[in-house]
Amino acid sequence: MGQARTVAVFGAYGHTGRFVVARLRERGFLPVLAGRDPGRLEALAASHPGSEPRPASVDDPASLDRALAGTAAVINCAGPFATTAAPVIEAALRAGIPYVDVAAEIEANVDTFARFSDRARAAGAVVVPAMAFYGGLGDLLATTAMGDWTAADEVHIAYGLNGWHPTEGTRAAGRVSRERRGGRRVRFADGRLEYRDDAPPTLEWAFPDPMGLRAVVGEFTMADAVTVPRHLSVPEVHSYMTVEAVRELSAPDTPAPTPVDRDGRSAQTFLVDVVVRSGGAERRAVATGQDIYAVTAPLAVEAVERILTGRTRTAGVASAGEIFDAPDFLRSLSAHLSLDLHA
């Protein structure tokens, strides 16, 4: 298999990285397995014949260069992205290949846009951060719901998770984010990220059937607060999370996800309800599926496929809804998501 179908996965042996490696192989790509731990890379390579393990560390640029040598793109699955994103993007720029990551960390995504937008645009390079359940999916849904509107007053993204068993990577990223914020929470209002010391509100959200009216934590801000306003003219981006999921995420003893099917997915289900409002008008787009970590893999891999085949709308650092045809992208994921794009 030639370079055009060879994709490096940094953090390949992590929970999400394993889903990405499997999905790449299903789509006819040859993954290069990269990460810090040689033993874990060798073990993963044993279950994926033909996939080469290449140890690499973010504090060793030469090792990153070796890991990306001869590849067509890199997908970064290794959090916390506050630590990994910049070094891997630098390596991708040196290699002249596209970079995609699955970062849910708000500040890490802000850093990527701020630090690399000018350089990536000047180089004609493609960098797509947050190409995942948080950040990418919400952005694609919001962009689709906007349709022909050029601006809107508000975007609301409600996450209806039946529960949330976080991975260690999720917990580590959360710790880094809390440290960077000094324990404060964040929301996107009046056209900017705003840090607050008060508790988030608890309210109710009317999800589409069969979920219906549910208690949610309001202003549960995720990476959508970075991706959506990067290219959509909206001064308010509000997100919500079902209280059950917040409770499990916050509990220190909630176990990690447990596989329940042959694809390794957990029993977790989700419904993402996006509402865009402008004046008195409202538009909606909805996605449902299983396992927020597993569904990140087809999102990231489809992004790489489209970048490598020239189905993009811009270069530089771009969010999903900006660089891809959002409705077409979502429809391509019909095997992984149930969609109502005209709710």
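Please refer to the structure placed before this passage.
Residues numbered from 1 in each chain as written. Predicted model: local features only at pLDDT ≥ 70, side-chain atom pairs only at ≥ 80, totals over all residues. Heavy atoms only, no water.

### Observations regarding the pattern of salt bridges
Then step 1. All chains considered together, the criterion is met by 28 salt bridges.
Then step 2. Among the ionic pairs, Glu194 bridges to Arg192, the shortest N-O distance being 3.8 Å.
Then step 3. On the basis of relative accessibility, which here comes to 12%, the residue Glu194 falls in the buried class.
Then step 4. A salt bridge links Asp261 to Arg265, with the nearest nitrogen and oxygen atoms 2.7 Å apart.
Then step 5. Since its relative accessible area comes to 25%, Asp261 is described here as partly exposed.
Then step 6. A cluster of three or more residues bridged by salt bridges with shared partners is formed by Arg185, Arg187, Arg192, Glu194, Arg196, Asp198 and Glu219. (Salt bridge = Lys/Arg side-chain N within 4 Å of Asp/Glu carboxyl O. Buried < 20%, exposed > 50% of the residue type's maximum accessible area, 1.4 Å probe, protein only.)

### Some thoughts on helix 7 (residues 168-181)
Then step 1. Taking 1.5 Å of rise per residue, the 14 residues of helix 7 would be expected to cover 20 Å, and the 20 Å separating its terminal C-alpha atoms lies within 8% of that figure.
Then step 2. Elements that come into contact with the buried residues of helix 7 comprise helix 5 (106-123), strand 8 (185-189), strand 9 (192-196) and helix 9 (243-250).
Then step 3. Phi turns positive one or two residues past the end of helix 7, at Gly182, with a value near 65°. (Helix = DSSP H or I, 4+ residues; strand = E, 2+ residues; numbered from the N terminus. Expected span 1.5 Å × (residues − 1). Contact = heavy atoms within 4.5 Å.)

### Some remarks on the layout of surface pockets
Then step 1. A volume near 280 Å³ is recorded for the second largest pocket.
Then step 2. Around the second largest pocket sit 14 residues that line it, and Glu26, Asp263, Arg265, Ala294 and His336 are the ones nearest its centre.
Then step 3. Tallied by class, residues from the lining of the second largest pocket come to seven nonpolar, two polar and five charged. (1 Å grid on protein atoms, 1.4 Å probe; cavity = no way out; pocket = protein on both sides within 12 Å on 5 of 7 lines; lining within 4 Å. Points joined across faces, edges and corners; volume = space filled by probe spheres on them. Nonpolar A, V, L, I, M, F, W, Y, C, P; charged D, E, K, R; others polar.)

### With respect to empty space enclosed by the protein
Then step 1. Overall, the coordinates contain one cavity of 30 Å³ or more when judged by the stated rule.
Then step 2. Estimates place the volume of the largest cavity at around 40 Å³.
Then step 3. Considering the residues around the largest cavity, the lining is formed by Ala8, Phe10, Ala34, Leu64, Leu68, Val74, Val88 and Ala91.
Then step 4. Those elements giving two or more residues to the lining of the largest cavity turn out to be strand 1 (6-10), helix 3 (61-68) and helix 4 (81-95).

### Notes on the packing of aromatic side chains
Then step 1. Tallied over the full model, the rule gives seven aromatic pairs.
Then step 2. Look at Tyr134 and Tyr159: their rings are 5.0 Å apart centre to centre, the planes differ by 65°, and that puts the pair in the edge-to-face class. Taken together, the positions of Tyr134 in helix 6 (residues 133-146) and Tyr159 in strand 7 (residues 154-161) put the pair 25 residues apart, joining distant regions of the chain.
Then step 3. Classification of Tyr134 by relative accessible area gives buried; the value is 6%.
Then step 4. A cation over an aromatic ring shows up here: Arg5 above the ring of Phe29, its NZ or CZ 3.8 Å from the ring centre. (Phe/Tyr/Trp six-rings, centres within 6.5 Å; stacked < 30°, edge-to-face > 60°. Lys NZ or Arg CZ within 6 Å of the ring centre and 35° of its normal.)

### What to know about the side chain of Ser51
Then step 1. Tracing the backbone shows Ser51 in the loop between helix 2 (38-46) and strand 3 (52-55).
Then step 2. The class of Ser51 is buried, set by a relative accessible area of 5%.
Then step 3. For Ser51, the side chain forms a polar contact with the side chain of Arg25, separated by 3.0 Å.
Then step 4. Beyond its immediate stretch of four places on either side in the chain, Ser51 contacts Arg25, Leu30, Pro31, Leu33 and Ala45. (Polar contact = N/O pair within 3.5 Å; in protein donor to acceptor, adjacent residues only side chain to side chain.)

### Concerning the sheet that holds strand 15 (residues 316-317)
Then step 1. Taken together, seven strands build an open sheet; the order of strands is 3-2-1-4-5-6-15 and the sheet is parallel. Only two strands of the sheet have a single neighbouring strand rather than two, namely strand 3 and strand 15.
Then step 2. Strand direction decides the pairing type here: strand 5 (residues 99-101) and strand 6 (residues 126-128), joined by two bridges, are parallel. Following the sheet pairing, Val100 is matched in strand 6 by Val128.
Then step 3. Strand contacts of helix 1 (residues 15-26): strand 1, strand 2 (30-35) and strand 4 (73-76), with the helix running at about 170° to strand 1, the strand carrying the most contacts.
Then step 4. Its contacts with the sheet put helix 2 on strand 2 and strand 3, and the angle it makes with strand 3 is roughly 170°. (Pairing = 2+ DSSP bridges. Axes fitted to C-alpha atoms, helices over the stretch in contact; angles between N-to-C directions.)

### A few points about the packing of helix 5 against helix 7
Then step 1. Interaxial distance between helix 5 and helix 7 falls to 8 Å at its minimum, and their mutual angle equals 75°. Comparing the axis directions of helix 5 and helix 7 gives the class roughly perpendicular. Note on element contacts: helix 7 touches helix 5 through Ser177, Arg180 and Arg181, opposite Ile106, Glu107, Ala108 and Asp111. (Parallel < 35°, antiparallel > 145°, perpendicular 65-115°, else oblique.)

### A few points about the environment of Ala215
Then step 1. Examined against the element boundaries, Ala215 turns out to sit in strand 11 (residues 213-218).
Then step 2. Looking at Ala215, the relative accessible area reads 34%, which means it is partly exposed.
Then step 3. Put simply, Ala215 and Arg311 are 96 residues apart on the chain and 40 Å apart in space, counted from C-alpha to C-alpha.

### Some thoughts on the pairing of strand 1
Sheet faces and side chains relate simply in a regular strand, where the side chains alternate between the two faces.
Then step 1. Burial analysis of strand 1 places five of its five residues in the buried class, which makes it a mostly covered element.
Then step 2. By the alternation rule, side chains of strand 1 split into Thr6, Ala8 and Phe10 and Val7 and Val9, which are all buried.
Then step 3. Bridging between strand 1 and strand 2 involves five bridges; their strand directions are parallel. In the strand pairing of strand 2, Val7 is matched with Pro31.
Then step 4. Handedness of the strand 1-helix 1-strand 2 crossover: right-handed.
Then step 5. As paired elements, strand 1 and strand 4 share four bridges and run parallel to each other. In the strand pairing of strand 4, Val9 is matched with Ile75. (Right-handed = clockwise from strand over helix to strand, strands pointing away.)

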